[in-house]
Amino acid sequence: MSVRGTGNQAGNGNNGAAPSFAPIETELKLRALPSVLNQVRTSPAILQCARNKGTIRRLEATYYDTTDRQLFDAGVCLRVRRSGKQFTQTIKRPTINGPLVREEWEALVGTLAPDLSVLPTAEIDGIFNTIAVDQLVPILVARIRRHAIALDVPDGQIEVAFDDGVTGAEQEPVSEIELELKQGRAAALYQFGLGLLDVAPLCLETQSKSARGYALALKISPSAVKAGSSNLRREDSADEGIAKLLSGCQQQILANLCPAASGHEPEGVHQLRVALRRLHTAFYILRRELDAPSLQALDSEAKRFARTLGPARNWDVFIDSTLAGIEKANLRDIEFSTLGNASAPSGIKPSA
């Protein structure tokens, strides 16, 4: 979902144009079962806001990197997407505002091969100063069928895209709903997304298609993320301080959703619960000063989420700490390796 500020157009890297601010891409992706996509697409929530029946396109995106994965290590994504006879090259990189917000530069190119000369690579990232285009090789391909519909909603205009297809050499299925704010306030986007949760069971997706493809190609699992600095300053206003406090909790929650759900990273569940406790503490402090019913509702949801994670965390502690401690007692007639394998989630070996 691309939110572009006025005048934030990427310029040509070789034409001497003045530097420009990067367009900001704020994506809201909702993961869904393939059978659910049509349920949402034909729901009153969509049909009542739709301008028309939308358009259906088949997209093929090739992602490029060096053989030693320099772009991946720098958090930069480079792809060329084909739609019909048109080829669009895109470079993305993360921002400090969390996994749902990225900077994005786009330009038309002649083929599926990347052409760095048409983008302001010097502005994008210094890494392109050391990488020649002939060092870039295809890493993965995503093939998607996209049904995009323009919506008019209160306080904004949104494009909703229903994506189904595959990504990566392992052909990982893709089934998701992507919301893009075309005009208006970002709050309209999130409010509409929340409304879709009343239509069907959906799950927030914090990993991009490229991230999922890379994870499969490199055989890596998402890592847990600890809380970052609050960035609070003495000169911040009360509103700025509250925004930074809650934003920090939100970013930690979002960053640990995928590690916690993967089943391969016990620390992801722990850090997700840490983030929810931090959020609960923040709400407690704010509610002492602000009489806002919305804070009470959000606090209740955060506590409910934390309680849901409790059994998973307890089981992780049992496997990684309790069971290991008992094993050190060298008790006879107990096959700890068998017990450990039986206790671990299916397909996951307990840590040594």
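Along each chain, the written sequence defines residue order, and numbers are assigned to residues from 1. With pLDDT at 70 or above as the cut-off, local features in this predicted model cover only qualifying residues; side-chain atom pairs require 80 or more to be listed or tallied, and sums for whole chains, interfaces and linings still use all residues. Note: side-chain values were computed over all heavy atoms of the structure, leaving out hydrogens and water.

Caption draft 1: Fine view of the packing of helix 7 (residues 238–262) against helix 8 (residues 266–289). In contact at an axis separation of 8 Å, helix 7 and helix 8 are set at 160 degrees when each is read in the N-to-C sense. As judged from the angle between their axes, helix 7 and helix 8 are roughly antiparallel. In this structure, the crossing between helix 7 and helix 8 has a hand that is left-handed. Where helix 7 approaches helix 8, its residues Ile-242, Leu-245, Leu-246, Gly-248, Cys-249, Gln-252, Ile-253, Asn-256, Leu-257, Pro-259 and Ala-260 are matched on the opposing element by Gly-268, Val-269, Gln-271, Leu-272, Val-274, Ala-275, Leu-276, Arg-278, Leu-279, Ala-282, Phe-283 and Leu-286. Polar here means any residue other than Ala, Val, Leu, Ile, Met, Phe, Trp, Tyr, Cys and Pro, which are nonpolar, and Asp, Glu, Lys and Arg, which are charged; Gly is therefore polar. Its residues assigned to classes, the contact of helix 7 with helix 8 shows 17 nonpolar, five polar and one charged. Note on geometry: axes are C-alpha line fits, over the in-contact stretch for helices, and angles between N-to-C directions span 0 to 180 degrees. By the criteria applied, helices consist of DSSP H or I runs no shorter than four residues and strands consist of E runs no shorter than two, each listed in order from the N terminus. With respect to orientation, any angle under 35 degrees is reported as roughly parallel, any angle over 145 as roughly antiparallel, any angle of 65 to 115 as roughly perpendicular, and every other angle as oblique. Take the far helix as the reference: if the near one is turned anticlockwise from it by less than a right angle, the crossing is left-handed, and if turned clockwise, right-handed. The contact definition used throughout considers only heavy atoms, calling two residues in contact when any of these lie within 4.5 Å.

Caption draft 2: Structural detail: helix 1 (residues 34–41). Throughout this description, buried means an accessible area under 20% of the type-specific maximum (1.4 Å probe, protein chains only), exposed means over 50%, and partly exposed covers the range between. Burial in helix 1 covers these residues: Val-36, Leu-37, Val-40 and Arg-41. Taken end-on, helix 1 shows its buried residues confined to a sector of 135 degrees, consistent with a single buried face. Working definition: the arc comes from the directions between the helix axis and the C-beta atoms, pointing outward to the latter.

Caption draft 3: Quick look at unusual backbone geometry. Positive phi values are uncommon outside glycine, yet Arg-69 reaches one of about 60 degrees. Looking at where Arg-69 falls in the secondary structure, it is placed in the loop between strand 4 (55–65) and helix 3 (70–73).

Caption draft 4: Expanded view of the confidence of the model for the chain. The predictor's confidence in any single residue is recorded as pLDDT, a number from 0 to 100. Confidence in the prediction for the chain averages 83 pLDDT; 89% of positions are at 70 or higher. Averaged pLDDT values for the elements of the chain fall to 34 in strand 1 (residues 2–3) and rise to 96 in helix 2 (residues 44–47). Here residues 1–20 scores under 50 on pLDDT; set against residues more than four positions off or in separate chains, the count is 45 contacts.

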